[in-house]
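So the chains spell out like this:
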Amino acid sequence: MTVTPPDPPATKPTAPPALPRVETGIPGLDDVSQGGLPRGRVTVVVGPAGSAKTVLAGQFLASGARSGEPGVFVTLEEPEADLRHNLTTLGLDIAALEESGDWAFVDAAPRYDPDQDQTLPVRIDTLAAQIGQAMDRTGATRIVIDSYGSAGFDTEDRRGRLQLRSLLSELRRMGATVVLTVETGATMGAELPGNGVEEFVADTVILLRNSMEGEARRRTLEILKMRGAPHRRGQVPFTILPGRGMVVLPLPVQQLDRGSLDARVTSGNAEVDQMCGGGFFRDSIVLVSGATGTGKTLMVTEFLAGGVARGEKSLLLAFDESHDQLRRNARGWGYDFHETEAEGLLRVVSTYPEVATHEDHLVAIKAAIDEFGPARIAVDSLSALERVGSEKSLRDFIIALTAYVKAKQLVGLFTIATDTLLSGSSVTETHISTLTDSIILLRYVEVFGALRRGMTVLKMRGSDHDRDIREYRIDGTGLHVGEPFRTVAGILSGNVVSLVPTVPPEA
């Protein structure tokens, strides 16, 4: 009798080993690349003039030099002195890194020959020898070659391609991680250089853009390919800041399983709290929408005062009014901003939108939150930021800001202005309404020839709330909510009609 042996137990497929990475040290970029650039491989950074290729390369090299991985910067265009000065403005002390032996320049810019009246192209063999000597001096493991398009290499020619491939292969054999910048030659037209360099030498291609959106330029970064490694897809905005350099701002991946807090906080107004079912949730974002003069800034003032009264730090980001105007307005309602700021419980950051891009504003707001550590934050108003940049950059700004506030578990009150006095919405409201937990509408109501004000809670996630449209008034002591409107309809649409029957005149 033949006994059939049992089948061997099924084995789970073995996951391929993760590709070793090198952290770039550039805020946000290692998040987009999901760990950094592939170690020991070639990364090509492609972009037009002014897209920050040299900035990215310099920060990558300096980050390694500071963390025990010396580097060599091969310049094929700018003189060493100019590069040293320009990178220093980004907060990189290149001179100190050179002195410690962790950074070396190789000046390989094409030379002009007056006898032949022409610029001589770079010789690959000479360049390889210069880089090798610099690597021996420093023990470098990171190499930057900036910029490929300035060297006179001819990759359309087979010999030129073989020479460049040979150089990069030798650097890889020596264990170096290489960043090669390539200029597209124009800010318009093809995004890739067209000479194929990104195809035949690159394991990773990073595309930088500096494009016009409306009347403003916007910088974005995209990892076009990364062989053998996962990375985030699509364009990601970034900015260049003095003293900090490149800051990449990836849109946050929302954690849908993040816990929510049941605790309530006051809006600063007991009657508004009652309309909201007991106040705002601790980790919620509340949107207040209304026309000019409906009391949005007053609601912000009461919201901040409600936190201060409980010993909570409050942060106000104002884009419509100056610091002095905000203090004066608060005094008119009985609140002393000057005193609470002196006590350290309130910080007011007032700036006009036009002084910076959306990306710059976002970086500044995050820094203010991290440094001050507030429990509640107010933004008055988001609509002012419509004047800066494109609609897409505004949308990305709002998504990133709301996600950051929620991640910090702060309670936020954001105001927006409607485009008409009696109803309507704005571009900002379209972008943020689905991201908020609560929406409060403030509207003017014309009743029998008199202009009055109405308030309603349009939505409040996770809580019951008042669904009436209530009249409210504003005086020297603040905002006071009254009774519901019962004699008119069409308030939210702006087409108010009377529900009181009229008595016909006597014949």
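One can find the structure itself at the top, above this paragraph.
Below: a short report on this structure. Bear in mind the structure is a predicted one, so any value in this text is a computation, not a measurement.

A short note on the overall build of the protein
And then number 1: Counting its regular elements, the protein contains 14 helices and 26 strands.
And then number 2: Among the 507 residues that make up the protein, the fraction classed as buried is 50%.
And then number 3: In the protein, of all internal contacts separated by at least 6 residues, the share reaching a separation of at least 24 is 69%.
And then number 4: Split by element, the accessible area of the protein, about 23900 Å² in all, is 52% carbon and sulfur.

Let's talk about the sheet that holds strand β10 (residues 204-213)
And then number 1: Here we have 9 strands laid out as an open sheet, ordered β5-β4-β8-β9-β3-β10-β11-β12-β13, and mixed in their pairing. Of all the strands in the sheet, the pair left with one neighbour each is β5 (103-107) and β13 (245-248). Between one strand and the next, the sheet's axes are offset by a mean angle of 25 degrees, whatever the strand orientation.
And then number 2: Relative to β5, strand β4 (residues 71-75) runs parallel, the two sharing 5 bridges.

Brief notes about the nonpolar core
And then number 1: The biggest cluster of nonpolar side chains holds 36 residues, and the ones touching the most others in it are Leu56, Trp103, Leu221, Met246 and Val248.
And then number 2: No other element matches helix α2 (residues 53-66), which puts 7 residues into this core.
And then number 3: Apart from residues no more than four positions distant in its own chain, Val248 is found in contact with Ile26, Pro27, Gly28, Leu29, Val32, Leu221, Val236, Pro237 and Phe238.
And then number 4: Formed by 33 residues, the second largest nonpolar core is a distinct cluster that contains Val286, Met299, Leu442 and Val457.

Section: the pairing of strand β24 (residues 478-484)
And then number 1: Alignment of strand β23 (residues 470-475) against β24, held across 5 bridges, turns out to be antiparallel. Opposite Ile474, over in β24, you have Leu479 as the bridge partner.
And then number 2: What sits between β23 and β24 in their antiparallel hairpin is a turn of 2 residues.

Points about the packing of aromatic side chains
And then number 1: For the structure shown, the criterion picks out 4 aromatic pairs.
And then number 2: Where Trp103 meets Phe105, the ring centres are 5.6 Å apart and the plane angle is 65 degrees; that geometry is what we call edge-to-face. Take Trp103 and Phe105: they sit in the same class, and that class is buried.
And then number 3: Among the aromatic residues, those joined into a cluster by ring pairs are Phe73, Trp103 and Phe105.
And then number 4: Over the face of the ring belonging to Phe60 we find Arg142, whose NZ or CZ atom lies 4.6 Å from the ring centre.
And then number 5: Over the ring of Phe281 we find Arg264, and its NZ or CZ is 4.2 Å from the ring centre.

Focus on the sheet that holds β24
And then number 1: With mixed pairing, the 9 strands of this open sheet are ordered in space as β18-β17-β19-β20-β16-β21-β22-β23-β24. The open sheet has two free edges, formed respectively by β18 (346-350) and β24, since each of these has just one partner strand. The sheet shows a mean angle of 25 degrees between the axes of neighbouring strands, taken without regard to direction.
And then number 2: Where strand β16 (residues 285-290) meets strand β21 (residues 438-447), 5 bridges bridge the pair, whose relative direction is parallel. Opposite Ser289, over in β21, you have Leu441 as the bridge partner.

Structural notes on the environment of Thr75
And then number 1: Inspection of the secondary structure puts Thr75 in strand β4.
And then number 2: Taking the C-alpha atoms as reference, Thr75 lies 6.2 Å from Ile145; in sequence the two are 70 residues apart.
And then number 3: When near neighbours in sequence (up to four residues on either side) are disregarded, Thr75 contacts Leu83, Val106, Asp107, Ala108, Ala109 and Asp146.
And then number 4: At a separation of 3.5 Å, a polar atom in the side chain of Thr75 contacts the main-chain amide nitrogen of Glu77.
And then number 5: Polar contacts involving the side chain of Thr75 include one to the main-chain carbonyl oxygen of Glu78, which spans 2.5 Å.

Thoughts on unusual backbone geometry
Most peptide bonds take the trans form, and the phi angle of most residues other than glycine is negative.
And then number 1: Along the chain, Asp146 connects to Ser147 via a cis peptide bond; the corresponding omega equals 0 degrees.
And then number 2: Take Ser147: it is sitting in the loop between β8 (142-146) and α6 (158-173).
And then number 3: One non-glycine residue, Gln34, adopts positive backbone phi at about 60 degrees.
And then number 4: Following the sequence through the fold, Gln34 ends up in the loop between α1 (29-32) and β2 (37-38).
And then number 5: Positive phi is not limited to glycine here, since Ala52 has a value of about 85 degrees.
And then number 6: Take Ala52: it is sitting in the loop between β3 (42-47) and α2.
And then number 7: For Ala52, a relative accessible area of 10% puts it in the buried group.

Quick notes on the rules
Residues numbered from 1 in each chain as written. Predicted model: local features only at pLDDT ≥ 70, side-chain atom pairs only at ≥ 80, totals over all residues. Heavy atoms only, no water. Helix = DSSP H or I, 4+ residues; strand = E, 2+ residues; numbered from the N terminus. Buried < 20%, exposed > 50% of the residue type's maximum accessible area, 1.4 Å probe, protein only. Contact = heavy atoms within 4.5 Å. Areas by Shrake-Rupley, 256 points an atom, 1.4 Å probe, with all protein chains shown as cover. Pairing = 2+ DSSP bridges. Axes fitted to C-alpha atoms, helices over the stretch in contact; angles between N-to-C directions. Core = buried A, V, L, I, M, F, W, Y, C linked by side-chain atoms within 4.5 Å. Phe/Tyr/Trp six-rings, centres within 6.5 Å; stacked < 30°, edge-to-face > 60°. Lys NZ or Arg CZ within 6 Å of the ring centre and 35° of its normal. Polar contact = N/O pair within 3.5 Å; in protein donor to acceptor, adjacent residues only side chain to side chain.

Function-wise, these values are silent; they only describe arrangement.
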